[in-house]
Amino acid sequence: MIATQLSTDTAQRCQVMGIINVTPDSFSDGGRFHDVDAAVRRGHELIREGADILDVGGESTRPGAQRVSETEELARVIPVVEALARGGFSVSVDTMRASVARQAVAAGAVIVNDVSGGLADPEMLPFLAEADVTCVLMHWRAHSTRMDDFCFYDSVVDDVCAELRGRVESALAVGVRPERIVLDPGLGFAKNVSQSWELLSALPRLQDLGFPVLVGASRKRFLAEAAAYGRRDPDVPADRDEASDAVAAVAAVGGAWGVRVHSVSGAAAASRVAARLRGSMAATGLVGARAGER
């Protein structure tokens, strides 16, 4: 199987992962792309706006969301993955189920984005090793119905780093190759507002784990305080897009492997500006080759 190869070279541009929620209950765009044709059209639109990867998910992970059945998730996700992969796009599947990941990879997905980091389904990590596919392992403590009960840390940065290290060790133990692993700190997942900001500010610590880092901050509730200006309503997720773009710029300049976003154009611009800026800084000796040292 040919899977997406990751690069941590300093010249590598931060990847922009465009979100396609094939769900009726996503916190930010629930129902807009629930229909297969609408989801595929959205994928084409995101590519035109500058997305590098299309992340297709059929199960909402917003706080309080109930899980959907495996049958329903497959029905939502697989036709969209298949159509977009057939169009030549790099497709990621956002799922916690190994069975869904297996069928999505068979349909053309080149990345498996598991927000549970392999904890929700004991078959996920063995499948990832078998498929030899790029995987995103996110920091996670509980399903959406209970995750807000687990926002307790001695040190959110130390604890998240330690728990992500544990996920990596579990993945490596079953045969997942290290070059296939991307880590996600799980902003907003079992983290309150202050904890999410603290983790975002600790991007260098996360990178010190030795793996590419995906930052998923788009439209999340912790950004509301950064969207309380002008005519924006901070309680409306889409009104947090400019704040999301700002986070994408910070992450890209900081050397993140990728950003996961709902609105792509601002993040695509941030990615390209950051790549040019980091290249110029490296050439003048103003920044070290942190990512390139991995």
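Predicted, not measured: the structure shown is a model, and the values here were computed from it.

On to the pairing of strand S6 (residues 181-184), then. One face of the sheet, then the other: side chains in a regular strand alternate in exactly this way. Residues Ile-181 and Leu-183 line one face of S6 and the alternating positions Val-182 and Asp-184 line the opposite face, and both faces are buried. Across 4 bridges, the pairing between strand S5 (residues 134-138) and S6 is parallel. When the sheet's bridge partners are listed, Met-138 is paired in S6 with Asp-184. Once you follow S5 into helix H5 (residues 156-173) and on to S6, the crossover reads as right-handed.

Glancing now at the packing of helix H8 (residues 241-253) against helix H9 (residues 264-283). Look at H8 against H9: their axes get within 8 Å of each other, and the N-to-C directions meet at 25°. By the criterion of interaxial angle, the relationship of H8 to H9 is roughly parallel. The way H8 lies across H9 gives a crossing that is right-handed. Here Asp-245, Ala-248, Ala-249, Ala-252 and Val-253 of H8 lie close against H9, whose contacting residues are Gly-266, Ala-267, Ala-270, Ser-271, Ala-274, Leu-277 and Arg-278. Of the residues assigned to the contact of H8 with H9, the class counts are 8 nonpolar, 2 polar and 2 charged.

Side chains that carry opposite charge are capable of pairing whenever their charged atoms lie near each other. In the structure shown here, the tally under the stated rule is 16 salt bridges. Salt-bridge contacts for Asp-55 lead to Arg-260; the nearest nitrogen and oxygen are separated by 2.7 Å. Placement of Asp-55 in strand S2 (residues 53-57) and of Arg-260 in strand S8 (residues 258-261) is noted, with a sequence separation of 205 residues between them. Accessibility assignment for this pair places Asp-55 and Arg-260 in one class, buried. Of the charged contacts, one joins Arg-232 and Glu-242 as a salt bridge, the two residues approaching to 3.2 Å between their closest N and O atoms. Linking Arg-232 in the loop between strand S7 (214-215) and H8 with Glu-242 in helix H8, this pair joins segments that are 10 residues apart in sequence. Among the residues examined, Arg-232 registers a relative accessible area of 28% and is labelled partly exposed. Linked by salt bridges that have partners in common, Asp-132, Arg-177, Glu-179 and Arg-180 make up one network.

Basis of the calculations
Residues numbered from 1 in each chain as written. Predicted model: local features only at pLDDT ≥ 70, side-chain atom pairs only at ≥ 80, totals over all residues. Heavy atoms only, no water. Buried < 20%, exposed > 50% of the residue type's maximum accessible area, 1.4 Å probe, protein only. Helix = DSSP H or I, 4+ residues; strand = E, 2+ residues; numbered from the N terminus. Pairing = 2+ DSSP bridges. Right-handed = clockwise from strand over helix to strand, strands pointing away. Axes fitted to C-alpha atoms, helices over the stretch in contact; angles between N-to-C directions. Parallel < 35°, antiparallel > 145°, perpendicular 65-115°, else oblique. Left-handed = near helix turned anticlockwise from the far one by under 90°. Contact = heavy atoms within 4.5 Å. Nonpolar A, V, L, I, M, F, W, Y, C, P; charged D, E, K, R; others polar. Salt bridge = Lys/Arg side-chain N within 4 Å of Asp/Glu carboxyl O.

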